[in-house]
Amino acid sequence: MNEKLYEIVSKVFNVDNSRINDETSPENLDEWDSFNFYVLLDEIENQFSINFDLDETLEIKKVGDFKKLLEKNGVKI
Amino acid sequence: MKNEENLAYFLNEAKTIKPRELEKKLRIAFLASSTINGFEETMRVKCFEKGIECITYVADYNQYNQEILDQNSGLYQFKPDITFLILDTRHVLGEYFFSWYTVPHDDRQKIIDTKISELKNICNTFTKNSDSKLVLTSLQIPNYSPYGFHDEHITKSLKQVIYEINTELFEWNKQYNLFTYDFNRFVRKFGENNIFNYKQFFSGDIKISTEYIPKFIDDLMGYVYAVTGTSKKCIVLDLDNTLWGGIIGEDGFDNIKLGDNPIGRSFVEFQKRLLALNQRGIILAINSKNNFDDAIEVIQKHPNMILREDNFACVKINWDDKVSNIQRITEELNIGLDSMVFFDDDPINQEYVRESLPEVLVMNLPKDSSQYAQIITEMKEFDVLKITEEDTKRSDMYLKQKKRKEFESKVGNFNEFLKQMNIQVHVQKADSFSIPRISQLTLKTNQFNLTTRRYQEDEISKFSSSDDKIVECIQVSDKFGDNGITGTYIVEKKNNEEWIVDTFLLSCRIMGRGVEEIMMNQIIENAKSSGVKRIKGKFIPTAKNKPAENFYEKLGFKKENDFWIFDTDNTLKTPEHIKVIKNE
């Protein structure tokens, strides 16, 4: 899952895979802005065929948060 | 997920576009009542991919009213060519969107009238302050009603009143410089539940979900093609496995698939779509590797064939390669390569034409013929600003052109041919009937065009009512029939001494028969009778107007700096085989 998640993030923000880790966030990645976050969210939901709750999405601050959410929703690592 | 249709792709690609000198330029403004991030990025990328340099202006969130009402706003300073005003039902109706059914019946009409007059005021102000084309989205008709199926029986239901507002918006096209985009067409295609994502709406007032933004912009591309004059005019078609299933040379007349089976039906459907486009004025041509006799027999005699010989303005069935055939088709039809679309099921042919003739739009036709009809119905490349009477007659005109060519080769001697053609030129002032066509000619004519200035209908209309300008057009007919309005000129009466040729153009299908001399002579004679001494004109070279390059010189104009000048003491020698009729 890590690999797939990082690949989606790197594709959406168009940055090298090596720059993505669990701590990646708008604070340390300029390419991450408030709008393409929705694009990323939509992409992750589509790719993993799940739907996050609105309140869950509001808690996402960094890539690691996606990972936790995916695990919580039963996506196996 | 196909990467190229994905919004992330457009957002990222938009950052890499560097300004480059593209021949076509377009300024697009976006105004909206909700978040429209991603719209301009997608639009710029899509335009760039079509060779159009697009510069955009995006009004701040929900500032469309102020931008339109304030004459000094950034919007007007930007001077857009197209302005998209994207309004939505929730915004326009406000709380009524939820509480409509509590409004007493008698008040409902009053509310609709107010909404309509508010919208009208916005459009009115905009068209007064700007020359931009305005594209206004119609309002989405909601799917839901608290009354469930009873909604259909309620007078002035929410659905009905929005429909009523939309009908009014569609009517405005006749009064203002605007087009109303049928937003419900977009909703019908993709569905409300797909294009509207509650989470995105609550989080960021996003009313078209990020996933569907590229599809929405795709729909708007039709306006881009229309305004830039980059629409396609001609479809070049392969035959085997493109218009019918199977290979005629191998399977034979009785065994190709056309009609009564699933595969055969897909080709019939595709042909029916092509026929409808042909009837609207899109020219069809054949480019097929086959024995001529085998293939033409199907076109003439197959009971399930929809397109017949007369639907094709040009037929190339031979063993030559596809590229040289396309080149011959452009020459014979006198249509630019960039006005052509090529349909061929063979990926090798597709690639070959794409490589050799990059101006031609080569469709990615898959192996599966069931997709062909859908592919052609999703194309926006045939959209034009105005569909004139000329368009619907075009196929017939090309057929006559085919017959003229045959006559020409029969007569042999060109001068003799011209004499026998009985060419008549009707010269007429622009009027409400011809103005749309004149504008269309300025937008589309590339070859015999001295200045290639593009004018929208309202501009031509302004010129024609001005005392400082002459706007005239010519209608050409001959023994084979009427060519319609095929030439126009706009002259600026600069002063009593000299007139300036602002625009002078002729459709390529009547070029080279002396009509151009007749047209220039009209200007000269007109100037003489007004006591004007000189006619001045520029030749502005483009990639395509080489056929008009030596025109001034040939007619005896003298070059001075940038201008070609004709002294009206001289007289132009005009061809004798043409009869001129002046309609005042």
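Visitor: Which residues make up the overall build of chain A, and what values go with them?
Guide: Summing up its helical and strand segments, chain A has four helices and zero strands in all. Secondary structure of chain A in N-to-C order comes out as α-α-α-α. Taking 11 Å as the expected radius of gyration for a compact globule of 77 residues, we find that chain A reaches 11 Å, a close match to that expectation. Put simply, chain A has 77 residues, and 23% of those count as buried. Sequence separation of 24 or more characterises 50% of the internal contacts of chain A that already satisfy a separation of 6 or more.

Visitor: Give me the lowdown on the overall build of chain B, citing residues and values where you can.
Guide: Counting secondary structure elements, chain B contains 24 helices and 19 strands. Projecting the C-alpha coordinates of chain B onto the three principal axes gives extents of approximately 80 × 70 × 50 Å. In chain B, which comprises 584 residues, the proportion classed as buried is 40%. In chain B, the proportion of contacts linking residues at least 24 apart, taken out of those at least 6 apart, comes to 71%.

Visitor: Let's hear about helix H7 (residues 105-129) of chain B: which residues, and what values?
Guide: Residues and elements named next belong to chain B. Between its first and last C-alpha atoms H7 spans 38 Å; for 25 residues at 1.5 Å apiece the expected length is 36 Å, and the two agree. Every buried residue of H7 is accounted for by Arg108, Lys115, Cys123 and Phe126. Of the surrounding elements, those touching the buried residues of H7 are helix H3 (64-69), helix H5 (89-93), strand E4 (133-137), helix H8 (158-171) and strand E5 (178-181).

Visitor: Please set out the pairing of strand E3 (residues 82-86) of chain B residue by residue, giving values where relevant.
Guide: All names here are of chain B. By the criterion of burial, E3 is predominantly enclosed, with five of the five residues buried. Burial along E3 is two-sided: the face carrying Ile82, Phe84 and Ile86 and the face carrying Thr83 and Leu85 are both buried. Where E3 meets E4, four bridges bridge the pair, whose relative direction is parallel. Its bridge partner lying in E4, Leu85 is registered against Leu136.

Visitor: Tell me what's going on with unusual backbone geometry, and back it up with residues and numbers.
Guide: Backbone geometry follows two general trends: most residues other than glycine have a negative phi, and most peptide bonds adopt the trans configuration. Even without a glycine there, the phi angle at Asn14 of chain A is positive, about 55°. Relative to the assigned elements, Asn14 of chain A resides in the loop between helix H1 (2-13) and helix H2 (36-47). Look at Asn14 of chain A and you get partly exposed, because 15 C-beta atoms sit within 10 Å. Although it is not a glycine, Asn62 of chain B adopts a positive phi angle of roughly 60°. By secondary structure assignment, the location of Asn62 of chain B is in the loop between strand E2 (52-58) and H3.

Visitor: Can you tell me about the sheet that holds E2 of chain B, naming the residues and giving the values?
Guide: Residue and element names in this part refer to chain B. On the basis of which strands lie adjacent, the open sheet formed by five strands has the order E2-E1-E3-E4-E5 and parallel pairing. A strand with exactly one partner marks an edge of an open sheet, and here the two such strands are E2 and E5. With strand direction ignored, the average angle separating the axes of adjacent strands in the sheet is 20°. As paired strands, strand E1 (residues 24-32) and E3 are joined by five bridges and run parallel to one another.

Visitor: Residues and numbers for the interface of chain B and chain A, please.
Guide: Tallying the contact residues gives 15 residues for chain B and 12 residues for chain A. Those elements that place two or more of their residues in the side of chain B that touches chain A are helix H1 (7-16) and helix H11 (198-204) of chain B. Among the elements that take part in the side of chain B that touches chain A, H11 of chain B stands out by supplying five residues, more than any other. In terms of residue class, the side of chain B that touches chain A is built from six nonpolar, seven polar and two charged.

Visitor: An account of the packing of H1 of chain A against H2 of chain A is requested, with residue identities and associated values reported.
Guide: All names here are of chain A. Running from amino to carboxyl end, H1 crosses H2 at an angle of 145°, the nearest separation of the two axes being 10 Å. Considering only the axes of H1 and H2, their crossing is right-handed. Contacts from Ile8, Val9, Val12 and Phe13 of H1 reach H2 at Asn36, Val39, Leu40, Glu43, Ile44 and Gln47. The residue makeup of the contact of H1 with H2, split by class, is seven nonpolar, two polar and one charged.

Visitor: Describe H1 of chain B, naming the residues involved and giving the relevant values.
Guide: Within H1 of chain B, the full set of buried residues consists of Leu7, Ala8, Tyr9, Phe10 and Leu11 of chain B. Lining the buried residues of H1 of chain B we find H1 and H2 of chain A together with helix H2 (39-49) and helix H12 (213-228) of chain B.

Visitor: Just give me the short version of the domain arrangement of chain B, but keep the residues and values in it.
Guide: Parsing chain B into structural domains produces domain 1 (3-228), domain 2 (234-377) and domain 3 (414-583). Put simply, the middle of domain 1 of chain B and the middle of domain 2 of chain B, counted by C-alpha atoms, are 37 Å apart.

Visitor: Please set out the nonpolar core residue by residue, giving values where relevant.
Guide: Val9 of chain A together with Leu26, Phe30, Leu31 and Leu85 of chain B are the most contacted members of the largest nonpolar core, which totals 72 residues. Take this core: its biggest share by element is nine residues, from H12 of chain B.

Visitor: Run through the sheet that holds strand E10 (residues 361-362) of chain B, naming residues and quoting values.
Guide: Residues and elements named next belong to chain B. Within the open sheet, the five strands sit side by side as E8-E7-E6-E9-E10. Their pairing is parallel. Each edge of the sheet is formed by a strand with only one pairing partner; in this case those strands are strand E8 (312-318) and E10. Sheet strands in contact with helix H19 (residues 389-411) are strand E7 (283-289) and E8, and its direction is about 55° off that of E8.

Visitor: I'd love a proper account of the packing of helix H21 (residues 435-444) of chain B against helix H22 (residues 457-465) of chain B, names of residues and values included.
Guide: Residues and elements named next belong to chain B. The N-to-C vectors of H21 and H22 enclose an angle of 115°; their axes lie 8 Å apart at closest approach. The chirality of how H21 crosses H22 is right-handed. Side by side, H21 and H22 meet where Ile435, Pro436, Ile438 and Ser439 of the first sit next to Glu457, Ile460, Ser461 and Ser464 of the second. In terms of residue class, the contact of H21 with H22 is built from four nonpolar, three polar and one charged.

Visitor: Which residues make up the environment of Glu381 of chain B, and what values go with them?
Guide: Residue and element names in this part refer to chain B. The residue Glu381 is located in the loop between helix H18 (372-377) and H19 in this model. Of the residues examined, Glu381 has 18 C-beta atoms within 10 Å and is grouped as partly exposed. Separated by 41 residues in the primary sequence, Glu381 and Met340 have C-alpha atoms spaced 10.0 Å apart.

Visitor: Quick rundown of the pairing of E5 of chain B? Include the residues and the values.
Guide: Residues and elements named next belong to chain B. Residues Leu178 and Thr180 of E5 are buried on one face, and the alternating residues Phe179 and Tyr181, pointing to the opposite face, are buried as well. By the bridge criterion, four bridges tie E4 to E5 in an arrangement that is parallel. In the strand pairing of E5, Leu134 is matched with Leu178. Crossover handedness for the path E4 to H8 to E5: right-handed.

Visitor: I'd like a description of the environment of Lys419 of chain B, backed by residues and values.
Guide: One can find Lys419 of chain B in helix H20 (residues 414-420). Here the alpha-carbon distance between Lys419 of chain B and Gln401 of chain B, two residues 18 residues apart in the chain, equals 17 Å.

What counts and how
- Residues numbered from 1 in each chain as written.
- Chains lettered and ligands numbered in written order.
- Predicted model: local features only at pLDDT ≥ 70, side-chain atom pairs only at ≥ 80, totals over all residues.
- Helix = DSSP H or I, 4+ residues; strand = E, 2+ residues; numbered from the N terminus.
- Rg over C-alpha atoms; globule rule 2.2 N^0.38 Å.
- Buried ≥ 20, exposed ≤ 12 C-beta atoms within 10 Å, placed from the backbone.
- Contact = placed C-beta atoms within 7 Å.
- Expected span 1.5 Å × (residues − 1).
- Pairing = 2+ DSSP bridges.
- Axes fitted to C-alpha atoms, helices over the stretch in contact; angles between N-to-C directions.
- Nonpolar A, V, L, I, M, F, W, Y, C, P; charged D, E, K, R; others polar.
- Left-handed = near helix turned anticlockwise from the far one by under 90°.
- Domains from an automatic or database assignment.
- Core = buried A, V, L, I, M, F, W, Y, C linked by C-beta atoms within 7 Å.
- Right-handed = clockwise from strand over helix to strand, strands pointing away.

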